[in-house]
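Below, each chain spelled out in residue letters.
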Amino acid sequence: MDQHWSLEFLDLYEMGFQSDLSENEYEREGFAKTEIPISNDVLAEHKKIDHADCIVFIYPVWWSDCPAKLKGWFDRVYSLGYAYGHNDNIQKMKTLKFGLVICTAGHPNEFLAEIGIAQSMQTIFLDDRLGKDLNIRKC
Ligand SMILES: Cc1cc2nc3c(=O)[nH]c(=O)nc-3n(C[C@H](O)[C@H](O)[C@H](O)COP(=O)(O)O)c2cc1C
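Here we summarise the structure given alongside this text. (Residues numbered from 1 in each chain as written. Predicted model: local features only at pLDDT ≥ 70, side-chain atom pairs only at ≥ 80, totals over all residues. Heavy atoms only, no water.)

## Section: the overall build of the protein
For clarity, the threshold we go by: The helix count covers DSSP runs of H or I at least four residues long, the strand count covers runs of E at least two residues long, and both are numbered beginning at the N terminus. For every residue, the accessible area obtained with a 1.4 Å probe (protein chains only) is divided by the maximum for its type, and the residue is called buried under 20%, exposed over 50%, and partly exposed between those limits. Contact between two residues is taken to exist if any of their heavy atoms lie within 4.5 Å; hydrogens are not considered. When charges are counted, Lys and Arg contribute as positive and Asp and Glu as negative, whereas His and the chain ends are disregarded. Charge positions are represented by NZ for Lys, CZ for Arg, CG for Asp and CD for Glu.
Across its full length, the protein carries 6 helices and 2 strands. Walking the protein from its N terminus toward its C terminus, one meets helices and strands in the order α-α-α-β-α-β-α-α. Out of the 139 residues in the protein, the part that is buried amounts to 33%. A separation of at least 24 residues holds for 74% of the contacts in the protein among residues at least 6 apart in sequence. For the protein, the distance from the average site of its 14 positive side-chain charges to the average site of its 22 negative ones is 5 Å.

## With respect to the packing of aromatic side chains
Worth spelling out the cut-off: Any two of the Phe, Tyr and Trp rings considered here, Trp counted by its six-membered ring, make a pair once their centres fall within 6.5 Å; the pair's planes then place it as stacked at under 30 degrees, edge-to-face at over 60, or tilted in between.
Under the definition given, this model contains 9 aromatic pairs. Between the aromatic rings of Phe57 and Trp73, the centroid separation amounts to 5.7 Å while the plane-to-plane angle is 70°, which identifies the pairing as edge-to-face. Highlighted residues: Phe57 in strand S1 (residues 54–60) and Trp73 in helix H4 (residues 68–77), separated in sequence by 16 residues. One aromatic cluster is present, formed by Phe57, Tyr59, Trp73, Phe74, Tyr78 and Phe125 through successive ring pairs.

## Considerations on the site of the ligand
Here is the rule: Working definition: residue near molecule or strand if any one of its non-hydrogen atoms lies within 4 Å of it. Two N or O atoms count as a polar contact when they lie within 3.5 Å, although within protein this holds only if one can serve as hydrogen donor and the other as acceptor, and sequence-adjacent residues are included solely when both atoms are side-chain atoms. Using the Shrake-Rupley algorithm and a 1.4 Å probe, accessible areas are obtained, with residue cover drawn only from the displayed protein chains.
Around the ligand, the neighbouring residues are Pro60, Val61, Trp62, Trp63, Ser64, Thr104, Ala105, Gly106 and His107. Between the ligand and the protein, one listed contact pairs an oxygen atom with a backbone N or O atom of Ala105 at 3.4 Å. Taking His107, its main chain carries an N or O atom lying 3.0 Å from an oxygen atom of the ligand. Surface burial for the ligand is 51%, taken as the share of its 640 Å² of free accessible area covered by protein chains.

## Some points on a nonpolar patch on the surface
What counts here: To count toward a patch, a residue needs a relative accessible area over 30% and no salt bridge; like charges are then connected within 9 Å, while nonpolar side chains (Val, Leu, Ile, Met, Phe, Trp, Tyr) are connected within 5 Å. We define a salt bridge as a side-chain nitrogen of Lys or Arg found within 4 Å of a carboxyl oxygen belonging to Asp or Glu.
There is a patch of nonpolar side chains on the surface, built from Val56, Ile58, Leu100 and Ile102 and spanning about 340 Å² of accessible area. Contributing elements (two or more residues each) for the nonpolar patch: S1 and strand S2 (98–104). Along the chain, Val56 turns up in strand S1. Owing to a relative accessible area of 39%, Val56 belongs among the partly exposed residues under this scheme.

## Focus on the packing of helix H3 (residues 40–51) against H4
Cut-off, in case you're wondering: For helices, the fitted axis covers only the stretch in contact; all axes are lines through C-alpha atoms, and the angles between them, taken along N-to-C directions, range from 0 to 180 degrees. In these notes the angle categories are as follows: under 35 degrees is roughly parallel, over 145 is roughly antiparallel, 65 to 115 is roughly perpendicular, and the rest is oblique. Residues are grouped as follows: Ala, Val, Leu, Ile, Met, Phe, Trp, Tyr, Cys and Pro are nonpolar; Asp, Glu, Lys and Arg are charged; all remaining types, including Gly, are polar.
Relative to each other, H3 and H4 sit at 95°, their axes nearing to 10 Å. Comparing their axes, H4 and H3 come out roughly perpendicular. Residue-level inspection shows Asp41, Val42, Glu45, His46 and Ile49 of H3 in contact with H4, the latter providing Trp73, Arg76 and Val77. A breakdown of the residues in the contact of H3 with H4 according to their chemical character gives 4 nonpolar, 1 polar and 3 charged.

## What to know about the pattern of salt bridges
Inspection of the entire model under this criterion finds 8 salt bridges. A salt bridge links Lys48 to Glu45; its shortest N-O distance comes to 2.6 Å. Here Glu45 and Lys48 lie together in helix H3, a separation of 3 residues that amounts to about one turn. In the salt-bridge network here, residues are joined through shared partners; they are Glu25, Asp41 and Arg76.

## Focus on the side chain of Glu29
By the element assignment, Glu29 lies in helix H2 (residues 23–30). A distance of 2.9 Å separates a polar side-chain atom of Glu29 from the backbone nitrogen of Leu80. Setting aside its immediate chain neighbours within four residues, Glu29 contacts Leu21, Tyr78, Ser79, Leu80 and Tyr84.

Printed below as a string of structure tokens:
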């Protein structure tokens, strides 16, 4: 059955995605200066999110989190007014139907659960980054 799926693959390294906040972006995010315009590469990511029903994050666990490249994607793309702190002037992030996180790790799941890291990664990634405020349903 043709379900009319379309997939868009993004490789942040291949894209050369800038993962560090610029000084301007720090000023905007850190001091709630929504009058500072959002960078074009971040707006392009917003557009991709707004066209998606589901986002799948795939990464290796590095020091109990995602690699800095992906962490920086959240730092920059989940910008003020878009992902949080909504106001009337900035279009807010759409409510996605599904989010999925797939990560590989050096340690087995059982060990990561035993030392509490599996739970903390779940809390940070699922609840905070994909969670309640963003209304992404967990599956
Ligand atoms: C910088 C770095 C940090 C890592 N930190 C962790 C870690 O905190 N916990 C863990 O289980 N594995 C850790 N690993 C192991 C990677 O998660 C593992 O090599 C990766 O998931 C394997 O992916 P692959 O099967 O796609 O090659 C780390 C690896 C690197 C390079």
